[in-house]
Amino acid sequence: MSTTPDVVEEFDVLVIGAGFAGIYQLDRLRSLGHSVKILEAGPELGGIWYWNCYPGARVDTEGPIYQFSRDDLWRDWEFTELYPGWNEVRDYFAYLDRKLDISKDVRFNTRVTAAHFHSGHNQWVVRASDGTTMRCTYLVACLGFASKPYIPQIPGLAQDTFEGRWHHTALWPQEGLDFTGRRVAVIGTGASGVQVVQEAAGEAVQLTLFQRTPNLALPMGQRTLGPTDQAAIKATLPQRFESRGHTFAGFDFDFEPRNATDVSQEERTAEYERLWQAGGFRFWLATFQDTLFDPKSNEYAYAFWRDKVRARITDAALQEKLAPTTPPHPFGVKRPSLEQHYYEAFNQDSVALVDLNDAPIQAVTERGILTADGVEHEFDIIVLATGFDAVSGGLTAIDIRGADGSLLRDKWASGVRTHLGMATAGFPNLLFAYGPQSPSGFCNGPTCAEVQGEMIVETLEHMLSNGHRRIEATPEAEKEWTHHVAELVAPTLFLHAKSWYVGANIPGKPVQMLNYPGGLPLYRAKYAESKANDYAGFQVS
Ligand code: N01
């Protein structure tokens with residue numbers, strides 16, 4: 001890549017991605033007087049909420065705390081549902097644009113393909129798919145954890161053998177796709193698959209879910225928000241925002257200090273019931289603190305979940321497929337989806353389930369999906385809800401080359417290594433939000449955009465206002481951080497499931513905890529310690 005002749009613009013900071021994290025960076029850094037630009041692959045703000053417009057796509061954090069906490073922003077904004085749909089989240093981004101005038105500093109439809117560090121100038125030379133080249137002193141990647149969809153290699157799929165239409169949920173046609181009267185297949189049971197199934201069950205003439213692992217989904221507790229709700233929400237939002245930064249996952253609730261194994265069965269059941277009725281992620285993240293550590297405690301939670309779910313499914317065989325007697329993996333170490341009427345959908349004659357453990361997919365054919373038992377299932381639409389090369393995939397998809405010209409993709413081929421989940425040795429002046437070994441997928445998005453976002457802003461402000469030109473994680477610091485993450489995860493049950501949390505969903509990807517498992521308060525303390533010690537773990541020059 002040429003580093004000089006075609007350079008047209010230069011910035012203090014270039015940000016990749018115009019979701020929550022990127023918008024936070026632009027707004028804050030611009031207000032501090034720095035020159036900043038966002039490069040965004042999509043044609044509008046929203047990041048993940050632009051691409052994921054599949055039927056049923058919906059936030060699974062309560063809307064009031066799924067927004068920026070700034071007073072002048074939340075006071076004038078209301079979501080109409082407790083868990084807003086993708087359309088309403090897009091409206092929120094349009095609202096942010098009106099309030100903050102973001103778009104004028106965003107270059108849309110510009111997918112970053114390469115970023116090479118130029119040591120002589122301490123600058124990044126960034127190239128986009130349209131041939132644009134820009135320079136910046138600091139590059140901040142705000143790619144989210146799910147910017148690289150995973151499409152499995154199923155024979156016939158890439159060859160477009162199928163005569164109907166097929167789409168990955170994260171590359172859904174913007175004009176929509178009507179399921180009405182169509183025969184629909186859904187492959188995958190993550191949050192995306194569960195949401196599509198719920199939606200398609202009411203529209204499709206026939207719906208078949210291809211399941212490899214059941215989702216241990218939780219009741220969402222969805223409801224519309226009327227004027228009384230809105231007033232009550234407004235009255236308590238400042239405290240809720242405040243508590244967001246001090247809980248494990250950036251919500252306004254946290255784990256219960258008792259252990260499930262220390263209380264009587266009656267107390268345990270009463271607590272589970274309370275959490276179940278409260279809805280959302282509470283049964284997962286406001287439950288007994290030992291649930292994700294102690295196999296016995298985890299079994300208690302699973303048994304409660306299983307019995308609740310089975311009571312909603314009429315067919316005994318489907319009960320066993322969707323909520324097996326024996327847990328498919330410990331509860332909560334693969335992300336539960338929030339559902340509204342997912343399990344009832346399977347009581348409809350028009351909805352079927354194919355267990356891929358009995359009959360794996362062999363090929364996509366002209367007419368549908370061929371499974372190993374020789375059955376060709378015929379469809380009009382195939383939905384791939386097969387997830388993402390999560391957390392690190394967005395970064396390694398870009399041709400990022402560090403100070404000595406080596407590729408980030410190569411450096412992380414045997415596993416990610418970072419300092420504070422913010423930077424990696426050999427790649428000076430590159431910081432990332434929501435990246436590997438940061439709270440990332442374990443954190444409410446807007447909370448993390450603000451909390452980790454502010455760490456990045458502070459670090460950049462320290463650099464820019466002190467005339468420093470180069471910051472780089474040291475190899476020792478990233479070794480220590482990687483060790484710290486491994487130590488935190490060792491006593492948990494997370495490595496007992498093949499999830500995207502640990503990279504196990506992508507064939508060949510090293511299995512390691514990709515998200516910071518110590519919770520937001522510890523993460524903040526670790527950063528504060530580094531900052532108080534003159535950015536310990538970074539080499540600043
Ligand atoms: O992806 P996933 P997702 N053959 O990786 C299956 C966020 N999100 O897009 O479980 C057959 O969770 C795979 O099977 P298995 C949220 O953080 C949020 O659903 O590995 N099946 C799995 O069932 C979420 O956790 C919302 O056995 C194959 C599924 O595909 C994250 O994004 C909405 C397969 C993938 O599930 C990812 O969720 C949506 C194959 N070859 C997403 N390969 C909100 O509500 C994979 N699978 C805000």
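Treat the numbers as computed from the prediction; the structure is a model and nothing was measured.

J.: Any details on the domain arrangement of the protein chain? Residues and values, ideally.
T.: Assigned domains of the protein chain: these are domain 1 (9-148 + 389-540) and domain 2 (149-216 + 332-387). Computed over C-alpha atoms only, the centres of domain 1 and domain 2 are separated by 31 Å. Counting residues at the interface gives 25 residues for domain 1, matched by 21 residues for domain 2. Interface area, domain 1 with domain 2, both sides summed: about 2,000 Å², of which 56% is carbon and sulfur.

J.: Explain the sheet that holds strand S8 (residues 183-187) residue by residue, including any values.
T.: Pairing is parallel in the open sheet, where 5 strands are placed in the order S7-S16-S8-S9-S12. The open sheet has two edge strands with one neighbour each: strand S7 (165-168) and strand S12 (351-355). Across the sheet, the mean angle separating the axes of adjacent strands is 15 degrees when strand polarity is ignored. Relative to strand S9 (residues 206-211), S8 runs parallel, the two being bridged by 5 bridges. Paired with Ala-185 across the strands is Thr-208, a residue of S9.

J.: Account for the sheet that holds strand S13 (residues 361-364), naming residues and giving values.
T.: Strand order in the open sheet formed by 3 strands is S13-S14-S15, and the pairing between neighbours is antiparallel. Every interior strand has two partners, whereas the edge strands, S13 and strand S15 (376-378), have only one. On average, adjacent strands in this sheet sit at an angle of 25 degrees to one another, irrespective of strand direction. Here S13 pairs with strand S14 (residues 368-371) via 3 bridges, running antiparallel. When the sheet's bridge partners are listed, Val-364 is paired in S14 with Ile-369.

J.: Outline the packing of helix H1 (residues 20-31) against helix H14 (residues 445-465), supporting the account with residue identities and numerical values.
T.: Following both chains from N to C, one finds H1 and H14 inclined at 40 degrees, their axes separated by 9 Å at the closest point. On the basis of their axis angle, the class for H1 and H14 is oblique. Pair H1 / H14 crosses with right-handed handedness. Facing H1, whose interface residues are Phe-20, Ala-21, Tyr-24, Gln-25, Arg-28 and Leu-29, H14 presents Pro-446, Ala-449, Glu-450, Gly-453, Glu-454, Ile-456, Val-457 and Leu-460. Split into classes, the residues belonging to the contact of H1 with H14 amount to 9 nonpolar, 2 polar and 3 charged.

Reading the values: rules and limits
Residues numbered from 1 in each chain as written. Predicted model: local features only at pLDDT ≥ 70, side-chain atom pairs only at ≥ 80, totals over all residues. Heavy atoms only, no water. Domains from an automatic or database assignment. Contact = heavy atoms within 4.5 Å. Buried area = accessible area lost by both parts, 1.4 Å probe. Pairing = 2+ DSSP bridges. Helix = DSSP H or I, 4+ residues; strand = E, 2+ residues; numbered from the N terminus. Axes fitted to C-alpha atoms, helices over the stretch in contact; angles between N-to-C directions. Parallel < 35°, antiparallel > 145°, perpendicular 65-115°, else oblique. Left-handed = near helix turned anticlockwise from the far one by under 90°. Nonpolar A, V, L, I, M, F, W, Y, C, P; charged D, E, K, R; others polar.

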